[in-house]
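Remarks on the overall topology
The chain contents come next:
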Amino acid sequence: MSKKDTCEIFYYDEEKVNRIQGDLQTVDISGAAKMFKAIADENRAKITYALCQEELCVCDIANIIGSTIANASHHLRTLYKQGVVKYRKKGKLSFYSLDDEHIKQLMMIVLAHRQEVKVNA
């Protein structure tokens, strides 16, 4: 950060600060941070993107990200624990999909934003 990026004097709007601090007490910021942290790993981001396309079995996912089935399963467990994905069993196969449409929307919004940042850079 340069001096241009910071305030030159210390001043804050007490009303805004108190209102937003109160709002923070009513939302699950910690849970949101954990979910974003789960997706922040590049392989888990790839998995999340792949599942935006369609439901996939663990073997498909392992091939898509170029990993072992064990490694893909590890990533999927992390995503499952944070509510990003859900799974269903069909015989001996486990199929994964996004937990809901919100996850897909988040991924698509982030990718669109990244494209805009590249264009504007």
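The structure under discussion appears in the preceding block.
Calculation rules
- Each chain has its residues counted from 1, following the order in which its sequence is written.
- Residues qualify for local features only when their pLDDT is at least 70, as the model is predicted, and side-chain atom pairs are given and counted only at 80 or more; totals for whole chains, interfaces and linings, by contrast, use all residues.
- For the side-chain quantities, the full set of heavy atoms in the structure was used; hydrogens and water were omitted.
- By this definition, two strands are paired if DSSP reports at least two bridges between them.
- Runs of H or I in DSSP of at least four residues are treated as helices and runs of E of at least two as strands, each being numbered from the N terminus.
- Only heavy atoms enter the contact rule, under which two residues are in contact if any of them lie within 4.5 Å.
- Helix axes are fitted only over the stretch in contact, all axes being lines through C-alpha atoms; the angle between N-to-C directions runs from 0 to 180 degrees.
- In what follows, roughly perpendicular refers to angles from 65 to 115 degrees, roughly parallel to angles under 35, roughly antiparallel to angles over 145, and oblique to any angle outside these ranges.
- When residues are grouped by polarity, Ala, Val, Leu, Ile, Met, Phe, Trp, Tyr, Cys and Pro land in nonpolar, Asp, Glu, Lys and Arg in charged, and all others, Gly among them, in polar.
- Salt bridges are identified by distance alone: a Lys or Arg side-chain nitrogen within 4 Å of an Asp or Glu carboxyl oxygen.
- A 1.4 Å probe rolled over the protein chains alone gives each residue an accessible area, and that area as a share of the maximum for its type sets the label: buried under 20%, exposed over 50%, partly exposed in between.
- Using a grid of 1 Å spacing that covers the protein atoms alone, one calls a set of points a cavity when a 1.4 Å probe fits there but cannot get out, and a pocket when the set is open and has protein on both sides within 12 Å along at least five of seven lines; lining residues are those with an atom within 4 Å of a point.
- Grid points are joined across faces, edges and corners, and a volume is the space filled by probe spheres set on the points.
- Contacts described as polar in this section are N or O atom pairs within 3.5 Å, which, within protein, must combine one atom able to donate a hydrogen with one able to accept it, while residues neighboring in sequence count only if both atoms come from side chains.
- For this analysis, a nonpolar core means a set of buried residues of the types Ala, Val, Leu, Ile, Met, Phe, Trp, Tyr and Cys, connected via side-chain atoms within 4.5 Å.

Before going further, it helps to spend a moment on the sheet that holds strand β3 (residues 93-98). Reading across the sheet, the 3 strands line up as β1-β3-β2 and stay open at both edges, with antiparallel pairing between neighbours. Whereas interior strands pair on both sides, the edge strands pair on one side only; in this sheet they are β1 (56-57) and β2 (85-90). Across the sheet, helix α5 (residues 69-81) is in contact with β2 and β3; its angle to β2 comes to roughly 120°.

Take the packing of helix α4 (residues 58-65) against α5 next. Where α4 meets α5, the closest approach of the two axes is 8 Å, and the angle between their N-to-C directions is 105°. By the criterion of interaxial angle, the relationship of α4 to α5 is roughly perpendicular. Residue-level inspection shows V58, C59, I61, A62 and I65 of α4 in contact with α5, the latter providing I69, A72, S73, H75 and L76. Tallied by class, the residues present in the contact of α4 with α5 amount to 8 nonpolar, 2 polar and no charged.

Applying the stated criterion across every chain yields a total of 1 salt bridge. The shortest N-O distance in the salt bridge between E55 and R88 comes to 2.8 Å. Of this pair, E55 sits in the loop between α3 (42-53) and β1 while R88 sits in strand β2, placing them 33 residues apart in sequence. Judged by its relative accessible area of 37%, R88 is partly exposed.

To find leftover empty space, one rolls a probe the size of a water molecule over the atoms. The space that makes up the largest pocket amounts to roughly 220 Å³. Lining the largest pocket, in full, are F36, I39, A40, A45, K46, T48, I103, L106, M107, V110 and L111. Contributions of two or more residues to the lining of the largest pocket are made by α2 (29-40), α3 and α6 (101-120). A class-by-class count of the residues in the lining of the largest pocket yields 9 nonpolar, 1 polar and 1 charged.

In this section: the side chain of H75. As for its placement among the helices and strands, H75 is situated in helix α5. You can call H75 buried: its relative accessible area is 6%. A polar contact is formed between the side chain of H75 and the side chain of R44, at a distance of 3.1 Å. Not counting residues within four places of it along the chain, the set of residues in contact with H75 comprises D41, N43, R44, I47 and I65.

Moving on to the nonpolar core. If you look at the biggest cluster of nonpolar residues, it comprises 21 residues, and the most contacted ones within it are I47, L51, I61, L79, V84 and Y96. Contributing elements (two or more residues each) for this core: α2, α3, α4, α5, β3 and α6. What I61 contacts, discounting residues up to four positions off in sequence, is I47, L51, L56, A72, L76 and Y96.

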